[in-house]
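These are the residues of each chain, in order.
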Amino acid sequence: MSELPLLKVHELSKFYGGRIGCRNVSFDLWPGEVLAIVGESGSGKTTLLNCLSTRLTADVGSVEYHMRDGQYRNLATMPEAERRFLMRTDWGFVHQNPADGLRMTVSAGANVGERLMAVGERHYGRIRETAGDWLGRVEIGLDRMDDQPRAFSGGMRQRLQIARNLVTSPRLVFMDEPTGGLDVSVQARLLDLIRGLVQDLGLAVIVVTHDLAVARLLSHRMMVMKDGHVIEHGLTDRVLDDPREPYTQLLVSSILQV
Amino acid sequence: MSDLATYNFAYLDEQTKRMIRRAILKAIAIPGYQVPFASREMPMPYGWGTGGVQVTAAVIGPEDTLKVIDQGADDTTNAVSIRAFFQKVANVAVTTKMREATVIQTRHRIPEETLTEGQVLVYQVPIPEPLRFLEPRETETRKMHALEEYGLMHVKLYEDIARNGHIATTYAYPVKVEGRYVMDPSPIPKFDNPKMHMSEALQLFGAGREKRIYAIPPHTKVVSLDFEDHPFEVQKFAKPCALCGAHGVYLDEVILDDKGGRMFVCSDTDFCEERREAGHVGELGVANKEAAE
Amino acid sequence: MATPLVVSEVAKSFTMHLRGGTLLPVIQDVNFSVKAGECAVLGGPSGAGKSSILKMLFGNYSVDSGQILVNHEGRVIDLATADPRTVIQVRRNTIGYVSQFLRVVPRVSALDIVAEPLTARGTSIEAARARAEELLSALNLPRELWLLPPATFSGGEQQRVNIARGFITDHPILLLDEPTASLDAKNREVVIGMIEEKKKAGVALLGIFHDEDVRERVADRIIDVSGFSARKAA
């Protein structure tokens, strides 16, 4: 209990002109904790994710990150060079569409190796060894290492994107609908993989999803968003099994039972 | 020449030359940094060296002697027409002799002989951005230069090794200038890369279509990128020049007949000629005589 | 040593917003405690709120009012108001729970599902698997099933995986929601034996057992939930 939060979010708001993107969002994220942000399309969950990950600038409020040197830094006032360095070393971002997070015209090995080269690794053999190791961890065969992700299936691309993000051992990973648009069986495999990696590496994750099953499987804690506001927030199984808010009850009761 | 004619010396008007000179000065002040400039329409198509011609026009004066080379040769179409252009619009002395020239405009080569203090080498550049092939967004590449994020350059070299077992990039091989900016040296063979390092001459690069000027001032460190376990190497040729017998120079392949006959000769024609005048003879110099007999 | 589990004046109701905001009271004024080494059993008719009480004690259901005091690593924690992070830590180290149904994770083998509570607390995977094997063989789960994900197991097989998972740790409090419901007589005996062992080890157990035979053999005390029913009072 002596450890400190990794991310401290204080009254974060983002407006698109007169419309609310997200409003007054506050929470702490702890090391190793998986937080799911759920809600329907347009509820502001992606806006929130983008504000947290500095892909968007919030209008009000602050996001503080616990740097490896032990200091808290306000992300909004951090110099861009430092922020970009943070994003490619200590953070990961897994996009819904793998093409947004991968370089589609360079090989799988180079996709994974890029972050290593970006932090100054200049030994080809070592880069290749590490990349191969990570491809193995996301269940991509070494024989595919020199193929471009263009030749990969959707599920493989997504796994490659995850490997590309995790190769620098980040402490915080943002995921935007990581299983969206995949077949159910491919989804199950990916979810299990993410779950295993998150546990093994002790990653903190903020995952945006509209799929409550994904939230239940991956997250410890969840926030339900509606119209830009967080309407319910708590332990994932508590929110799903004993939803309090009308909207959350509607959401939970709308899950199709198989 | 009348006063009116000298006012627009070297084709461009004074305002344009001043604008280009400002860009050149900035480029010299920040070695390897691509300075945008308002590239003008020139009386030749893009790709024929409009960038180089504008830079040359901005730096050349009536006292200068100009040499123009294309792929090392003084007598190819591009070289001949650019040389003729400056003879006409600037009335400057021209030469093919490397040591006589004060300004050398080049496409795809650096002369074999070491450039000396006071000389200016002007490169014609088709695509100035070394990161372009992996990152299409100009906003992003500019940011990457600004923040010194050059990991992507090594991704390109990584791909080379992964595909070919060695770094197969043989021209336009990226370099780091004075430990700061990564720069595309224009499509010179990587054989010429070491010549840029600590050169006594001023090296200017002009990209007309892309509207960028960059520079390597004299005595600047220029290092070719590589991996620790795959260090940078220049091409090596198995044979010396067939005409002049020179070793350790860049050679061109020349097809002799339709039966597979070929020879390898210096790409730098001026260098080759001088050697032959000095009495050096390569193996085909003899072979040719025999064939004639 | 402090009483491991004290429940004080707990009340719970559901508001059914999808049914026009109907307020569904479940229980109120729940008061009891469970001592170390004791197995208390919640009794009362179906729908009296036995499962809801267990779920509140596990932090799975929220609590309207009252306190659930748990002795967690030497400190007393009120689960009714604890933040999610604390609840997760309490679950990891203090309160174990054997639910009625197994929540299956795709692609994870039965053995690893059982071993997980130990690995989550830092036990090596080898040691955790060895202990899981002991439990699964004690519960007579056919060895050929151990490395399969339990999604396709029968109800009884899944329940045994669930029991093994719940019993593998040395949590000082263990909640049991009908752990023997779909077991045959032989395996019921095994579970009864495991409960006896937990009692000897000083674990505070609280369970729901519909099988009267099992209930009588394990229960030190029956807590009649119908006394807490909110509907009777309403």
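Along each chain, residue indices are assigned from 1 in the same order as the chain's sequence is written. To label them, take the chains in the order written and letter them from A, then take the ligands in the order written and number them from 1. Per-residue local features are limited, in this predicted model, to residues with pLDDT of at least 70; the limit for side-chain atom pairs, both in listing and counting, is 80 or more; totals at the level of whole chains, interfaces and linings are taken over all residues. The side-chain values count all of the structure's non-hydrogen atoms but skip hydrogen atoms and water molecules.

Colleague: Looking at this structure, I do not really get the overall build of chain A. What am I missing?
Modeller: By definition, any uninterrupted DSSP run of H or I lasting at least four residues is a helix, any uninterrupted run of E lasting at least two residues is a strand, and each is numbered from the N terminus. Scanning chain A from terminus to terminus reveals 10 helices and 10 strands. Relative to a compact globule of 258 residues, whose C-alpha radius of gyration would be 18 Å, chain A shows 18 Å and is just as compact. If you line up chain A on its principal axes, its C-alpha atoms span 55 × 50 × 40 Å. Carbon and sulfur atoms form 48% of the exposed surface of chain A, whose accessible area is close to 10,500 Å². In chain A, which carries 30 positive and 32 negative side-chain charges, the distance between the mean positions of the two groups comes to 5 Å. Each radius of gyration is computed over the set of C-alpha atoms, and the globule rule expresses the reference value as 2.2 Å times the number of residues to the power 0.38. The protein chains shown are the only cover counted for residues, whose accessible areas, like all others here, come from Shrake-Rupley with a 1.4 Å probe. His residues and chain termini do not enter the charge count, which takes Lys and Arg as positive and Asp and Glu as negative. Note that the charge is assigned to NZ on lysines, CZ on arginines, CG on aspartates and CD on glutamates.

Colleague: Sorry, what's going on with the pattern of salt bridges here?
Modeller: If charged atoms from side chains of opposite charge come close, those side chains can pair. We define a salt bridge as a contact between a side-chain nitrogen of Lys or Arg and a carboxyl oxygen of Asp or Glu at a distance within 4 Å. Counted according to the given criterion, the structure contains 54 salt bridges over all chains. Taking the shortest distance from any N to any O, the salt bridge between Glu113(B) and Arg99(B) comes out at 2.6 Å. Here Arg99(B) lies in the loop between β3 (93–94) and β4 (103–107) and Glu113(B) lies in the loop between β4 and β5 (120–124), a separation of 14 residues in the sequence. Under the scheme applied here, a residue whose accessible area is under 20% of the maximum for its type counts as buried, over 50% as exposed, and between as partly exposed, the area being computed with a 1.4 Å probe on protein chains only. The partly exposed category is assigned to Glu113(B), whose relative accessible area is 26%. Of the residues examined, Arg99(B) reaches a relative accessible area of 53% and is grouped as exposed. Salt bridges sharing partners connect three or more residues here, namely Arg103(A), Glu114(A), Arg164(A), Glu135(B) and Arg137(B).

Colleague: What is the right way to read empty space enclosed by the protein from this model?
Modeller: Left-over empty space is what a probe sized like a water molecule reveals as it rolls over the atoms. Residues and elements named next belong to chain A. The way it works is a 1 Å grid over only the protein atoms, where trapped points that fit a 1.4 Å probe form a cavity and open points with protein on both sides within 12 Å along at least five of seven lines form a pocket, and then any residue with an atom within 4 Å of a point lines it. Grid points are joined across faces, edges and corners, and a volume is the space filled by probe spheres set on the points. Counted by the stated rule, this structure contains 1 cavity of 30 Å³ or more. Of the voids in this model, the largest cavity is the one considered here, and its volume is about 50 Å³. Together, Val94, Ile162, Leu166, Val173, Met175, Ile194, Leu197, Val198 and Leu203 line the largest cavity. Elements represented by at least two residues in the lining of the largest cavity include exactly α6 (154–166), β7 (172–176) and α7 (184–201).

Colleague: Please explain the pairing of strand β2 (residues 65–70) of chain B as it appears in this structure.
Modeller: Moving residue by residue along a regular strand, the side chains alternate between the two faces of the sheet. All names here are of chain B. Within β2, 6 of the 6 residues are buried, which leaves it mostly tucked inside the rest of the structure. Neither face of β2 is exposed, since Thr65, Lys67 and Ile69 on one face and Leu66, Val68 and Asp70 on the opposite face are all buried. Here the rule is simple: two strands pair whenever DSSP picks up at least two bridges between them. In terms of strand pairing, β2 meets β3 through 2 bridges, oriented parallel. If you follow leucine 66 over to β3, its bridge partner there is valine 94. Where the polypeptide runs from β2 across helix α4 (residues 77–89) and back to β3, its parallel neighbour, the crossover connection is right-handed. Note that β2 and β4 share 5 bridges and pair parallel. Residue valine 68 lies in a different strand from β4, and its bridge partner there is glutamine 105. For the handedness criterion, the strands are oriented away from the viewer, and a crossover whose path from the first strand over the helix to the second runs clockwise is classed as right-handed.

Colleague: Which parts of the structure should I look at to understand the sheet that holds strand β5 (residues 75–78) of chain C?
Modeller: Backbone hydrogen bonds are what pair the strands of a sheet, in a parallel or an antiparallel way. Residue and element names in this part refer to chain C. The strand order across the open sheet formed by 4 strands is β2-β1-β4-β5, and the pairing between neighbours is antiparallel. The open sheet has two free edges, formed respectively by β2 (22–34) and β5, since each of these has just one partner strand. Direction aside, the axes of adjacent strands within the sheet are offset by 30° on average. Inspection of the sheet shows strand β1 (residues 5–16) paired to β2 by 9 bridges, in the antiparallel sense. Residue pairing in the sheet places leucine 5 in a bridge with valine 34 of β2. Here, two residues are considered to be in contact whenever any of their heavy atoms come within 4.5 Å of each other. In this analysis, axes come from line fits to C-alpha atoms, helices being fitted only over the stretch in contact, and the angle between any two N-to-C directions falls in the range 0 to 180 degrees. Sheet strands in contact with helix α1 (residues 50–57) are β1, β2 and β4 (65–72), and its direction is about 70° off that of β2.

Colleague: What should I look at first to understand the pairing of strand β10 (residues 229–235) of chain A in this one?
Modeller: Residue and element names in this part refer to chain A. Both strand β9 (residues 221–226) and β10 contribute to a ladder of 6 bridges, which runs antiparallel. Each bridged residue has a counterpart across the sheet, and for methionine 225 the counterpart in β10 is valine 230. From the end of β9 to the start of β10, which pair antiparallel, there are 2 residues, and aspartate 227 there has a positive phi angle of about 50°.

Colleague: Teacher, can you tell me more about the interface of chain A and chain B here?
Modeller: Size of an interface: often given as the accessible area lost when the parts come together. Across the boundary between the two partners, chain A contributes 23 residues, which contact 21 residues of chain B. Considering only the surface of chain A that becomes buried against chain B, Arg84(A), Arg122(A) and Tyr124(A) emerge as the three largest contributors, covering 38% of it. Seen at the junction of chain A and chain B, the total is 6 salt bridges. With a closest N to O distance of 3.6 Å, Glu135(B) and Arg103(A) form a salt bridge. We define a polar contact as two N or O atoms separated by no more than 3.5 Å, with the added condition that, inside protein, one atom must be a possible hydrogen donor and the other a possible acceptor, whereas residues neighbouring each other in sequence contribute only through side-chain atom pairs. Inspection of the chain A/chain B interface yields 14 residue pairs in polar contact (both at pLDDT 80 or more). Counting only elements with at least two residues in the side of chain A that touches chain B, the list comes to α2 (80–89), α4 (108–118) and α5 (124–137) of chain A. Here's the idea: put two parts together, see how much 1.4 Å probe accessible area each one loses, and the total over both is what we call buried area.

Spatial relationships are all this shows, so hold off on functional conclusions.
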